[in-house]
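A look at the structure
Listed below, chain by chain, are the residues.
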Amino acid sequence: MSERRDALLTLDDVGYRYPGNERFVFEGLDFSIGAGEFVALVGGSGVGKSTVLRCVAGLIEPATGHIETPPRTGKGSRPSAVVFQDTRLLPWRRIRANVGYGLSGLGLSRGERDARIDEVLDLIGMADLGKRWPHEISGGQAQRVGLARALAVRPQILLMDEPFSAVDALTRTRLQDELLAIWQRLNMAVLFVTHDIAEAAYLAERVCVMRGTPARVVFDERVPSPYPRQRDDADLNAFAQRVADAL
Amino acid sequence: MLGRPNRAHPNALALRAGASRLRRLVLGLAGVAAFIALWKLAYIFNWAPRGTIPDPFTVPVALLNEYRGGRLLPAIASSLVHYVWGLGIGTLLGFVVGLLAASLRVFDEAHYMLARILRPIPPLAWVVFAIAWFQVSHAGAAFVISIGVFWVNYFATASGVRDVDPRYYELARAFGHGGFFKRITSITLPGAAPSILSGMRTGVGQAWMTLIAAELLGVPGMGQEMNSAAGVGAYDAVVVYMLAISLIYTLSDGLFALVENRALRWRP
């Protein structure tokens, strides 16, 4: 496969097993993500796709192999930022404070932090809800706030762990379109973990499939349809079918 | 409900809420009146050894006497000194030790056995040492009070800290709050706050319970006044101090509840 862009993130023969466990969850993972590229990682439950994401985020150490992460660029940014499935908003912080959670320690002044929070709240269309507590907003809004919290640190790669799987279908399609619009506006790569094939095919430029015990990447292809995509596009559906077969 | 009134019948709802509140008030007062009536009957028919049940209707007079005699306010003030010091020291130490126990494994392992040995000892058992070390003094009473308060806060803090959802710590690491200090302030303390504060509030009550007992031994305060009043058969004065304790406890607990609600207003 030809690399369209310079690799931003590279996994080199990466494997993981839980501490004290002989059996690898996955091993021999070799793939890279280019700057600004949108990659979906698909797999059944228990295949370790969220664990891959945690390794990439630096939250856990892989047992084998090496992960080349993006260098820290400039003031006020982090190389990567995570969006969790369970939103993980801190209930004791108002929405604004949740969005600004990753901004401390980045050398930003209070004014710069406030401006950054306003900017991303605006981006997710929640500019007027910053004073609310997390329990006062809907599930879809909470997911948007989780996204805003990650965007606020201007990551080079956004790591999304099944971010839309806990919201209703209507909200999900809306959030997917919002994510695409934001991704196209900001120059950042996305690693999107999901078990939903249609979602992966609709969103990503490239889809990777993990399968087996221990799991490996068994499928890694570009999505043929250009943006903007139609959900009922024939090429897209044919591609989704091939992903399903690989699973 | 998010505080929105029912749009269909806002007046009817308000009316019903008002009626229900009135009913509660009336029944509550009726309960108190019934108790006083029973008390009066006990007094008239001598249900206890003669002279040990005061006439409820002379309690207001006794209150006036205690006040005019210059005993009531100094006793309250003295008790508050023990209370504030004992509560403050016990709360602070209980919080710190509980926090350490739940966040430092070495500390936890080194202290759990000691805690298990010391925990069952009732605070009042320490009175003997309080007298030996501090004589009959404010410090001695505060010491005894602080012991009971310490344990309440120790357990509340330790269990609150242990129960903080570990997923929040992962979030903290992902967003640059992985260091000890940032983790404690941004996750541990706010996450454990409901338990810590409820422990503190229990301590506010617990301190009163031990306060009076500690003072019965002769340290100036309401407990001592009760003891000396009982010594001369002035049981109506004893009741005055009991009611004073009840009133001050209600005030301090209500005050703390305000602080607690303010600090935890993020809760649904």
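Residues numbered from 1 in each chain as written. Chains lettered and ligands numbered in written order. Predicted model: local features only at pLDDT ≥ 70, side-chain atom pairs only at ≥ 80, totals over all residues. Heavy atoms only, no water.

On to the interface of chain B and chain A. At the interface, 20 residues of chain B touch 23 residues of chain A. Between chain B and chain A lies a buried interface of about 2000 Å² when both sides are counted; carbon and sulfur atoms form 64% of it. The interface formed by chain B and chain A holds three salt bridges in total. Between A:Arg54 and B:Glu170 there is a salt bridge; the shortest N-O distance is 2.6 Å. At the boundary of chain B with chain A, the tally comes to eleven residue pairs in polar contact (both at pLDDT 80 or more). Listed by contribution, the elements that provide at least two residues to the side of chain B that touches chain A are α7 (166-174) and α8 (180-215) of chain B. In terms of residue count, the dominant contributor to the side of chain B that touches chain A is α7(B) (seven residues). A per-class count over the side of chain B that touches chain A returns ten nonpolar, four polar and six charged. (Contact = heavy atoms within 4.5 Å. Buried area = accessible area lost by both parts, 1.4 Å probe. Salt bridge = Lys/Arg side-chain N within 4 Å of Asp/Glu carboxyl O. Polar contact = N/O pair within 3.5 Å; in protein donor to acceptor, adjacent residues only side chain to side chain. Helix = DSSP H or I, 4+ residues; strand = E, 2+ residues; numbered from the N terminus. Nonpolar A, V, L, I, M, F, W, Y, C, P; charged D, E, K, R; others polar.)

Right, let's get into the side chain of A:Ser77. Residue and element names in this part refer to chain A. Among the secondary structure elements, serine 77 is positioned in the loop between β4 (64-68) and β5 (80-83). The class for serine 77 is buried, based on a relative accessible area of 6%. If we skip the residues at most four places from it in the chain, serine 77 touches Arg72, Leu106, Val153 and Arg154. (Buried < 20%, exposed > 50% of the residue type's maximum accessible area, 1.4 Å probe, protein only.)

So, on to the sheet that holds strand β8 (residues 206-211) of chain A. All names here are of chain A. Taken in spatial order, the six strands make up an open sheet running β5-β6-β7-β3-β8-β9, and their pairing is mixed. A strand with exactly one partner marks an edge of an open sheet, and here the two such strands are β5 and β9 (216-222). Adjacent strand axes in the sheet meet at a mean angle of 15 degrees, parallel and antiparallel pairs treated alike. With four bridges connecting them, β5 and strand β6 (residues 157-161) associate as parallel partners. What sits directly across from serine 80, in β6, is isoleucine 157. Along the sheet, helix α7 (residues 234-246) contacts β8 and β9; its crossing angle with β9, the most-contacted strand, is approximately 170 degrees. (Pairing = 2+ DSSP bridges. Axes fitted to C-alpha atoms, helices over the stretch in contact; angles between N-to-C directions.)

Right, let's get into the domain arrangement of chain B. Residue and element names in this part refer to chain B. Domain boundaries assigned for chain B yield domain 1 (10-53) and domain 2 (57-263). Put simply, the middle of domain 1 and the middle of domain 2, counted by C-alpha atoms, are 31 Å apart. The interface is formed by five residues belonging to domain 1 together with five residues belonging to domain 2. In total, about 370 Å² of surface goes out of reach between domain 1 and domain 2, with carbon and sulfur atoms giving 79% of it. The interface formed by domain 1 and domain 2 includes zero salt bridges. Inspection of the domain 1/domain 2 interface yields zero residue pairs in polar contact (both at pLDDT 80 or more). Considered class by class, the residues forming the side of domain 1 that touches domain 2 number two nonpolar, two polar and one charged. (Domains from an automatic or database assignment.)

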